[in-house]
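Results of the structural survey
Spelled out from the first residue to the last, the chains are:
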There are 2 protein chains.
Amino acid sequence: MTTDVHAAWLPPEAFRAVGTRRVRVDVGGGVGDTVRGEVERACGEYGGSVGDGQACDLVLEVGGDAGQEGYVLGRRDGVTRVVGGDAAGLLYGFFHVVRLGEDAFGEDFETAAHRPALRTRMLDHWDNLTVHPVMGAVERGYSGGSIFWRDGEPLRDLPRVRAYARLLAATGINAVAVNNVNVHAAETRLLTERLGDVAELADVFRPYGIRLHLSVNFAAPVVLGDLTTADPLDEAVAQWWAAAADRVHAAIPDFGGFVVKADSEGQPGPFAYGRTHADGANMLAAALAPHGSEVHWRAFVYNHQQDWRDRTTDRARAAYDHFAPQDGEFADNVVLQVKYGPIDFQTREPVSPVIAAMPRTRLAVELQVTQEYTGQQRHVCYLGPMWSEVLGFRPWGDGGRSVADLAADPATGGGLVAVSNVGDDPYWTGHPLAQANLYAFGRLAWDPGADPLALLDEWIGLTFLPLLSRDRDPEPLRRTLHAMMDGSWRTYERYTAPLGVGFMVRPGNHYGPDVDGYEYQPWGTYHFADRDGIGVDRTRATGTGYTGQYPQPWSDVYEELDSCPDELLLFFHHVPYGHVLHSGATVVQHIYDTHFAGADEAAAMRERWTELAGTGLVDAALHARVLERLDEQVRCAGEWRDQVNAYFLRKSGVPDARGRRIP
Amino acid sequence: MTTDVHAAWLPPEAFRAVGTRRVRVDVGGGVGDTVRGEVERACGEYGGSVGDGQACDLVLEVGGDAGQEGYVLGRRDGVTRVVGGDAAGLLYGFFHVVRLGEDAFGEDFETAAHRPALRTRMLDHWDNLTVHPVMGAVERGYSGGSIFWRDGEPLRDLPRVRAYARLLAATGINAVAVNNVNVHAAETRLLTERLGDVAELADVFRPYGIRLHLSVNFAAPVVLGDLTTADPLDEAVAQWWAAAADRVHAAIPDFGGFVVKADSEGQPGPFAYGRTHADGANMLAAALAPHGSEVHWRAFVYNHQQDWRDRTTDRARAAYDHFAPQDGEFADNVVLQVKYGPIDFQTREPVSPVIAAMPRTRLAVELQVTQEYTGQQRHVCYLGPMWSEVLGFRPWGDGGRSVADLAADPATGGGLVAVSNVGDDPYWTGHPLAQANLYAFGRLAWDPGADPLALLDEWIGLTFLPLLSRDRDPEPLRRTLHAMMDGSWRTYERYTAPLGVGFMVRPGNHYGPDVDGYEYQPWGTYHFADRDGIGVDRTRATGTGYTGQYPQPWSDVYEELDSCPDELLLFFHHVPYGHVLHSGATVVQHIYDTHFAGADEAAAMRERWTELAGTGLVDAALHARVLERLDEQVRCAGEWRDQVNAYFLRKSGVPDARGRRIP
């Protein structure tokens, strides 16, 4: 079944450097066997050798003090040596050697230690067991069906799951949740009669150092008909979950834990019983604690039935208002999973103030690799730079700790989580270039300080360049991909909602423009544009007070018009169209300029790609797939440009200073 | 299966006056048996007698010169006499006597002749054989599933179909199309292997004087796999349709004909072969002509993939531009079926100019009983007054012929058609008060000059009043229903899109407000609101020239701001918000005022209805059903008021002169 699946960043050709060497592998069993298998495959392909002989080019072994999942890597006297702190560390070190390619076997280099910055590096799949009538097989999935489930049954394409696990391991991912956080009746049974199917998947992930997690329904004891309550303080409920946890761990000894979306967008939760989130999370945590696994409790809680007329309610405040008062109340094996921004994975949001507000709670930051609001894998939108900004944000200002530091804290860090963009599409991710997002996410979770453009280059170097014959100059292809992708997130931002105001997408499917689509709806996502101005006043002085949820200096930086960054201006302030940005442009002229520029950049992207046609630098089928998506991106970007510009021209009456045609 | 279906305007109690009399019925066979059966049932219930004796109170017979479907009715010397021109005429006369109730048996009254003004009085069902994933069982249906089909099979609830036919006959309807004009693969087979199922339905309608029609797919020969072309000038295609027509008429001797939606919203048609609508319609007409049946060819043809940026294309022009040049080219048994307005069944539209533009073509006018754009049977919206205005419209001005005159013309009139609002709901129409629309449509098709409020009163008199015990005063109930329903269309208009501009509904489902929902879409339905004004310039002087499609005086009346009626102002003109209407209000103040008033009227409607609770004047279950719908109407009207007012306040910046709160 997996014959035709794209190799992504692990084409056989990427293993040429290793595969032509004499390699010694001193590890066995479990993940160690995976390392040995990788070496044997590479050497089988390219004529190298695997053995215990003294003379060798590469030594792979376990020991020393590199620590859990860590490794040391260096080259001396013509021998490259990787010493894993454990087998998983060795596997990561092996993939490091693959990334280095021939450079791993050139001049000697100093031995250095490598460890993942974040303990948990996780992908959540929003996969349904059956096709949901509205949300489909994979909620917010743009890459076909689930790779795990189909028609209510396990898909059992285990070679594909294995290939997926291998790709993830090569980026450093060590945790996966295999079902949607919106847990319907069918998925609730993964805890019971479907547990064998889950264990089968866990067996595939395990050799790649990846622990399996399950999303669970907080009301599972009721949904399954065992109890009449899911009250977390009810002893019978606690016992039910303890028994469930025992059963899961008996089937999956290294089970990672539960992911829970509770009291959010209609999902059940502790509120129904007058209990707190801490009550709910801690009850589940107690069930898992004896087994050493964890609860990922999502902080995405807000009123999704808000009255749009009520300007005092601010969805951005909701997660902080719900959770910050409970800091210190969560058990040690509860990880509060916080979306990076206060709203919902928009192209541009400020960092969620919750992340800095709960020093006595373990926090994970949640990103979205699947491009729900960033072009749905029909648009090129490389998200590495956005994630890098988020991870590098310092809530207490320069010199203070960063978001990455908090997520990495040994005591209170909960790691990095993202929603996967993978489906049963032959290119894994629908848009072949969207593979870069999956790759970059894993690598940033390992090293949040990495340069996202360097990671993109790494991805290009693994995915495309090894396929070129040795007499081809790889630079034109590399340059083209960088030209298309480096700034693609900002390009997408330019032609969509301006200056951090967010949304303006078609309700429901979240694709394409609809400026007022959410404006009079109950979802709490408004821009308040009128004939004079636009934006949401979230100041303490005159607005919802949301700026007060940040520590200094940001609390004041965002509060004051003068210091608020342009790109977030309309998230924090309602300003007249004539307000002059730091850039020197008025708000309305900025809207016009960026929308013309963004759509032009999309067209230029397509132009660059068409120049590759017939060059043999990329596979013809992949070229065609990308081109088809670029056609749609160019069309859609033009639609965004025209709808947004027409909307603001009609509303403001201010003509474009450069006299361009606005319909 | 039909035990629990509401009796609508034919409750047994409505037959009391007839049922207590001595009745002589001098007719038999076919529809005559239906008359006899009605009398026998009534007399069996209420103690009257049916016989041939000399002494009698009511004589029902056929003969004389009342003509096809006509009858004469009078009372002399204490004997009421109905003489039908044929059995169908007698049936209509009988129901006339039922409507009169005791008045039919009081003082003598002059004998008068009655004939239907329109030859064809037709209801089209947009029923699908299988549930369409988007449109459901009945397209634009708000009353549950189809009464004809379910899960791809005939529903075979023939008692319900019979009850439906009887209700229709009592209003004067004589034609029904039993499947959706969007003809999918399953419905295409109604012409072939499913023909027996259709004949079964025709057998049920026949005793009520109703001929059955089928909607057909223009590409049926291709869809069914018989031919590779549906080119109307291809001899094999013509033969295919001739054979199909022969087959249908063999199974259904009185088959009414085909209904065709061709080259419209994605349906196939003659354009694919470079042929005209006349080519297509005439080919089908030739197949039916030997059998005396007809083609109903819909004029609802426009570009539904229009570029919203292109202001030169005007959907309102489309039907005229397509069809007027073909006047005189259609065969005698083609009826061009024209929607009453140029757009699509909006709450307020001008009358379609096509109706006055084709003197050498048989034209039927199409109305919509199902409330797609008028509240979807969740809102009380009695449409009789709207239809009455349309039918009374005189395209050539005072003294000229009316729309009803044209539809009734013996040579070129094609009758009146409407989309049914009936489903398998226990009240037939979802909202029990929506039955009044079905009733009024049939009665107006019989007599377009009837006063719509008198028809409403007639409906109340049949539906509600006979159920009251004789000691109850019926006036309070009658007054309440009139208070709620008489002006309900104008109330609905007040709180929805203003001044004839149309749409502003949620895309797709067409329910509830979304002012910009269709503004940047390909459907050709725009309002062009900006900060200065609103409306569509359809003048000859500066706009799309649509006003030029009307004869005088309307061509000039609509062209000039001074003479254009307020209620259609924004359909024809783009004006500033400060433009002063004939009413004396500015456009924007009119918007505020009508929206506050409309929502208040909806609330008052509910208030009136709640006063009936517990009085015993209406059935408790029906009261509850109506109240539940009124709750939704009041909620939705408030949403319309607030969204429309907020939209225009934000856009115009003009405050409400009366200082009311606009969110």
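Residues numbered from 1 in each chain as written. Chains lettered and ligands numbered in written order. Predicted model: local features only at pLDDT ≥ 70, side-chain atom pairs only at ≥ 80, totals over all residues. Heavy atoms only, no water.

1. A word on the sheet that holds strand β15 (residues 294-298) of chain A
Residues and elements named next belong to chain A. Spelled out, the test is: In this analysis, strands are considered paired if DSSP registers two or more bridges between them. Secondary structure elements follow DSSP: runs of H or I of four or more residues count as helices, runs of E of two or more count as strands, with numbering from the N terminus. Note on geometry: axes are C-alpha line fits, over the in-contact stretch for helices, and angles between N-to-C directions span 0 to 180 degrees. Contacts are assigned to residue pairs with any non-hydrogen atoms lying within 4.5 Å of each other.
If you walk around this closed barrel you meet the eight strands as β7-β12-β13-β14-β15-β16-β17-β18, and the pairing is parallel. The sheet shows a mean angle of 25 degrees between the axes of neighbouring strands, direction not considered. When strand β7 (residues 121-124) meets strand β12 (residues 175-177), the two strands line up parallel, connected through three bridges. Among the inter-strand pairings, Asp124 is bridged to a residue of β12, identified as Ala177. Where helix α9 (residues 277-288) meets the sheet, its contacts fall on β14 (257-260), β15 and β16 (334-339), and the angle it forms with β15 comes to roughly 160 degrees.

2. Quick notes on the sheet that holds strand β4 (residues 71-76) of chain A
Within a sheet, adjacent strands bond to each other through the backbone by hydrogen bonds, running parallel or antiparallel. Residues and elements named next belong to chain A. Strand order in this open sheet of six strands is β2-β1-β3-β5-β4-β6, and the pairing throughout is mixed. For this open sheet the edge positions go to β2 (49-50) and β6 (109-114), each flanked by a neighbour on one side alone. Across four bridges, β4 lies against β6 in antiparallel orientation. Opposite Val72, over in β6, you have Ala113 as the bridge partner. In this fold helix α3 (residues 87-100) packs onto β3 (58-62), β4, β5 (79-84) and β6, with an angle of close to 45 degrees to the strand it touches most, β4.

3. Describing the packing of aromatic side chains
Our working definition: When the centres of two rings from Phe, Tyr and Trp lie within 6.5 Å, Trp using its six-membered ring, the rings pair. Their planes under 30 degrees apart give stacked, over 60 give edge-to-face, and anything left gives tilted. Throughout this description, buried means an accessible area under 20% of the type-specific maximum (1.4 Å probe, protein chains only), exposed means over 50%, and partly exposed covers the range between.
A full pass over the atoms with the stated rule returns 67 aromatic pairs over all chains. Geometrically, the ring pair formed by A:Tyr546 and A:Tyr550 is edge-to-face, given 5.4 Å between the ring centres and 90 degrees between the ring planes. Residue classification places A:Tyr546 among the buried positions, given a relative accessible area of 0%. Aromatic side chains B:Phe393 and B:Trp554 sit 4.8 Å apart centroid to centroid with 40 degrees between the ring planes, which places their arrangement in the tilted category. Taken together, the residues span a long stretch of sequence, with B:Phe393 in the loop between α11 (384-392) and α12 (403-408) and B:Trp554 in helix α17 (residues 554-559) at a distance of 161 residues. This pair shows no difference in class: B:Phe393 is buried, exactly as B:Trp554 is. By the ring-pair criterion, three or more aromatic residues cluster together here, those being A:Phe393, A:Tyr546, A:Tyr550, A:Trp554, A:Tyr558, A:Phe571 and A:Phe572.

4. A closer look at the relation of the copies chain A and chain B
Applied cut-off: C-alpha atoms of residues with pLDDT of at least 70 in both copies form the basis for the least-squares superposition of the copies.
When chain A is fitted to chain B, the residual RMSD is 0.0 Å, and the transformation amounts to a turn of 180 degrees plus an axial shift of 0.1 Å. Put plainly, the chains are arranged around a two-fold axis. Both copies share a contact surface, since 100% of the interface residues of chain A are interface residues in chain B too.

5. Section: the interface of chain A and chain B
To keep things clear, this is the line we draw: Two parts lose some accessible area (1.4 Å probe) when they are put together, and adding that loss for both gives the buried area. Salt bridges, as used here, are contacts in which a Lys or Arg side-chain nitrogen is within 4 Å of a carboxyl oxygen on Asp or Glu. Pairs of N or O atoms within 3.5 Å make up the polar contacts considered here, provided that, within protein, one atom can donate a hydrogen while the other can accept it, and that residues adjacent in sequence are counted only when both atoms are side-chain atoms. The classification used treats Ala, Val, Leu, Ile, Met, Phe, Trp, Tyr, Cys and Pro as nonpolar, Asp, Glu, Lys and Arg as charged, and all other residues, Gly among them, as polar.
The partner chain B presents 27 residues to the 27 residues of chain A that form the contact. Here chain A meets chain B over a buried area of about 2,500 Å², counting both sides, of which 41% is carbon and sulfur. Interface area lost by chain A to chain B is led by A:Arg309, A:Arg531 and A:Arg650, which between them contribute 34%. At the surface where chain A touches chain B, the tally comes to six salt bridges. At the boundary of chain A and chain B, one finds 17 residue pairs in polar contact (both at pLDDT 80 or more). When grouped by side-chain class, the residues that make up the side of chain A that touches chain B number eight nonpolar, six polar and 13 charged.

6. Examining the packing of α3(A) against helix α4 (residues 158-171) of chain A
All names here are of chain A. Quick note on the threshold: The cut-offs work like this: below 35 degrees is roughly parallel, past 145 is roughly antiparallel, 65 to 115 is roughly perpendicular, and the gaps in between are oblique.
Orientation of α3 relative to α4, taken along the N-to-C sense of each, is 80 degrees, at an axis distance of 8 Å. Overall, the two elements α3 and α4 adopt an arrangement that is roughly perpendicular. Contacts between α3 and α4 pair Leu91, Tyr92, Phe95 and Arg99 from the former with Arg166, Ala169 and Ala170 from the latter. Its residues assigned to classes, the contact of α3 with α4 shows five nonpolar, no polar and two charged.

7. Section: the nonpolar core
Across soluble globular proteins, you tend to see nonpolar side chains buried next to one another. In plain terms, the rule: Residues grouped as a nonpolar core are buried Ala, Val, Leu, Ile, Met, Phe, Trp, Tyr and Cys residues, joined through side-chain atoms within 4.5 Å.
Within the largest apolar cluster, 216 residues are counted, with the highest numbers of intra-cluster contacts made by B:Trp241 and B:Trp297. A per-element tally of this core places helix α20 (residues 620-652) of chain B first, with 11 residues. Core analysis: the next-biggest nonpolar cluster, separate from the first, contains 213 residues, A:Ala17, A:Val204, A:Ala529 and A:Trp609 among them.

8. Some remarks on the confidence of the model for chain A
Going by this rule: pLDDT is a per-residue confidence score from the predictor, ranging from 0 to 100.
Across chain A, the average pLDDT comes to 97, with 100% of residues at 70 or higher. Across the whole predicted complex the pTM is 0.94, and at the interface the ipTM reaches 0.90.

9. Details of the packing of helix α14 (residues 452-463) of chain A against helix α15 (residues 475-485) of chain A
For any two helices packed against each other, the geometry is given by the interaxial angle and the distance between the axes. All names here are of chain A. Note the following rule: Left-handed describes a crossing in which the near helix is turned anticlockwise from the far one by less than a right angle; the clockwise case is right-handed.
Interhelical geometry of α14 versus α15 gives an angle of 135 degrees and a closest axis separation of 11 Å. One finds that α14 runs oblique with respect to α15. Here the hand of the crossing between α14 and α15 comes out right-handed. Side by side, α14 and α15 meet where Leu453, Leu456, Asp457, Trp459 and Ile460 of the first sit next to Arg478, Leu481, His482 and Met485 of the second. Here the contact of α14 with α15 is built from residues that sort into six nonpolar, one polar and two charged.

10. Things to note about the pattern of salt bridges
All names here are of chain A. Using the criterion set out here, one finds 106 salt bridges over all chains in the structure. Of the charged contacts in the structure, one is a salt bridge between Arg206 and Asp254, with a shortest N-O distance of 3.0 Å. Of this pair, Arg206 sits in the loop between α6 (195-205) and β13 (211-215) while Asp254 sits in the loop between α8 (235-251) and β14, and the two are 48 residues apart along the sequence. Assessed through its relative accessible area of 27%, Arg206 is described here as partly exposed. The partly exposed category is assigned to Asp254, whose relative accessible area is 22%. Measuring nitrogen to oxygen at the nearest pair gives 3.1 Å for the salt bridge that ties Asp321 to Arg317. On the basis of relative accessible area, Asp321 is assigned to the partly exposed category, the value being 37%. Here the salt bridges do not stand alone but share partners, grouping Glu153, Arg156, Arg194, Asp197 and Glu200 into one network.

11. Points about the layout of surface pockets
Residues and elements named next belong to chain B. This is how the line gets drawn: The pocket and cavity definitions rest on a 1 Å grid over protein atoms only: a 1.4 Å probe that fits but cannot leave marks a cavity, an open set with protein on both sides within 12 Å along at least five of seven lines marks a pocket, and residues lining either have an atom within 4 Å of a point. Grid points are joined across faces, edges and corners, and a volume is the space filled by probe spheres set on the points.
There is about 890 Å³ of room inside the largest pocket. Taken together, 38 residues form the lining of the largest pocket, with Met135, Arg140, Gly508, His510 and Trp523 sitting closest to its centre. Residues of the lining of the largest pocket, tallied by class, amount to 15 nonpolar, 13 polar and 10 charged.

12. A closer look at α3(A)
Residues and elements named next belong to chain A. To be explicit about the condition: Multiplying 1.5 Å by the helix residue count minus one yields the expected span of that helix.
With 14 residues, α3 should reach 20 Å at 1.5 Å per residue; the first-to-last C-alpha distance of 20 Å fits that figure. Along α3, 11 of the 14 residues are buried, which leaves the element largely enclosed by surrounding structure. Three or more residues of α3 are buried, namely Ala88, Gly89, Leu90, Leu91, Tyr92, Gly93, Phe94, Phe95, His96, Val97 and Val98. Within two residues after α3, Gly101 carries a phi angle of roughly 65 degrees, on the positive side.

13. Side note on helix α20 (residues 620-652) of chain A
Residues and elements named next belong to chain A. When the terminal C-alpha atoms of α20 are compared, their 47 Å separation across 33 residues agrees well with the 48 Å that a helix rising 1.5 Å per residue should span. The element α20 is largely enclosed, with a buried count of 24 among its 33 residues. Of the residues flanking the start of α20, the one acting as N-cap is Asp619, its side-chain oxygen 3.2 Å from the backbone nitrogen of Ala621. Positive phi appears at Gly653, one or two residues downstream of α20, with a value of about 75 degrees.

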